[in-house]
Amino acid sequence: MVEILSVGLGGFLGAISRYIISMQASRLFTGRIPIGTLCVNILGGLLIGLILELNSRTNVVSPQMKLFLTTGLMGGLTTFSTFSYETVGLFSDGSYTSAMINIILNVVLSLVGVIIGKNILVNLIG
């Protein structure tokens, strides 16, 4: 039961964070690419890289905290389904270039975020 509550609370906080970050990013940056979704996916990649690297190198993260942070918080923060829907919308509107740029940016920059997150910790604790 503790695991389910950990995931649920993390998901709740992650979803709220996604909404706030997406809205703020959309206000700051305009254009064809859904920047709010891109921002949360990059941030999620960075954070999950950091969290899971910390988990693999130390005993700081308990199993319940790992569930809260990864499945819950990062699961609620990042969004593959919204990215997919927005990309299909761009294709449907005939914005093929924007759709392809959106795919490349989300996939590549989220992966780069994971790499940076992992390397931040590697550089801090060796």
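Definitions and limits used
Residues numbered from 1 in each chain as written. Predicted model: local features only at pLDDT ≥ 70, side-chain atom pairs only at ≥ 80, totals over all residues. Heavy atoms only, no water. UniProt positions renumbered as here; feature names shortened; annotations may be inferred. Helix = DSSP H or I, 4+ residues; strand = E, 2+ residues; numbered from the N terminus. Buried < 20%, exposed > 50% of the residue type's maximum accessible area, 1.4 Å probe, protein only. Contact = heavy atoms within 4.5 Å. Areas by Shrake-Rupley, 256 points an atom, 1.4 Å probe, with all protein chains shown as cover. Phe/Tyr/Trp six-rings, centres within 6.5 Å; stacked < 30°, edge-to-face > 60°. Expected span 1.5 Å × (residues − 1). Polar contact = N/O pair within 3.5 Å; in protein donor to acceptor, adjacent residues only side chain to side chain. Salt bridge = Lys/Arg side-chain N within 4 Å of Asp/Glu carboxyl O.

Per an unreviewed UniProt entry, the chain carries the name Fluoride-specific ion channel FluC and comes from Intestinibacter bartlettii. Its UniProt record gives the chain the following Function (unreviewed entry) comment, quoted word for word: "Fluoride-specific ion channel. Important for reducing fluoride concentration in the cell, thus reducing its toxicity."

Requested: an account of the overall build of the chain, with residues and values cited.
Counting its secondary structure elements, the chain contains five helices and zero strands. By its C-alpha atoms, the chain is 50 × 35 × 25 Å across when sized along the principal axes. Burial status across the chain gives 30% buried among its 126 residues. In the chain, the share of contacts with a sequence separation of at least 24, taken over all contacts with a separation of at least 6, comes to 72%. In the structure as shown, the chain presents an accessible area of about 7500 Å², 71% of it carried by carbon and sulfur atoms.

Summarise the packing of aromatic side chains; cite the residues concerned and give the values.
For the structure shown, the criterion picks out two aromatic pairs. With a centroid separation of 6.1 Å and 45 degrees between ring planes, the pair formed by Phe 91 and Tyr 96 is classed as tilted. For Phe 91, a relative accessible area of 30% gives the class partly exposed.

Please provide a residue-by-residue account of helix H1 (residues 2-28), values included.
With 27 residues, H1 should reach 39 Å at 1.5 Å per residue; the first-to-last C-alpha distance of 39 Å fits that figure. Here the buried face of H1 lies against helix H2 (35-57) and helix H3 (63-77).

An account of the side chain of Thr 37 is requested, with residue identities and associated values reported.
Examined against the element boundaries, Thr 37 turns out to sit in helix H2. Relative accessible area serves as the criterion here: at 6%, Thr 37 is assigned to the buried category. A distance of 2.8 Å separates polar atoms of two side chains, one belonging to Thr 37 and the other to Glu 86.

Explain the pattern of salt bridges to me, and be specific about the residues and the numbers.
Tallied over the entire structure, the rule returns three salt bridges. Of the charged contacts, one joins Asp 93 and Arg 32 as a salt bridge, the two residues approaching to 3.9 Å between their closest N and O atoms. Of this pair, Asp 93 sits in the loop between helix H4 (80-92) and helix H5 (96-125) while Arg 32 sits in the loop between H1 and H2, placing them 61 residues apart in sequence. Residue classification places Asp 93 among the exposed residues on the basis of a relative accessible area of 58%. In this structure, the salt-bridge partner of Glu 53 is Arg 57, at a minimum N-O distance of 2.5 Å. Here Arg 57 and Glu 53 lie together in helix H2, a separation of four residues that amounts to about one turn.

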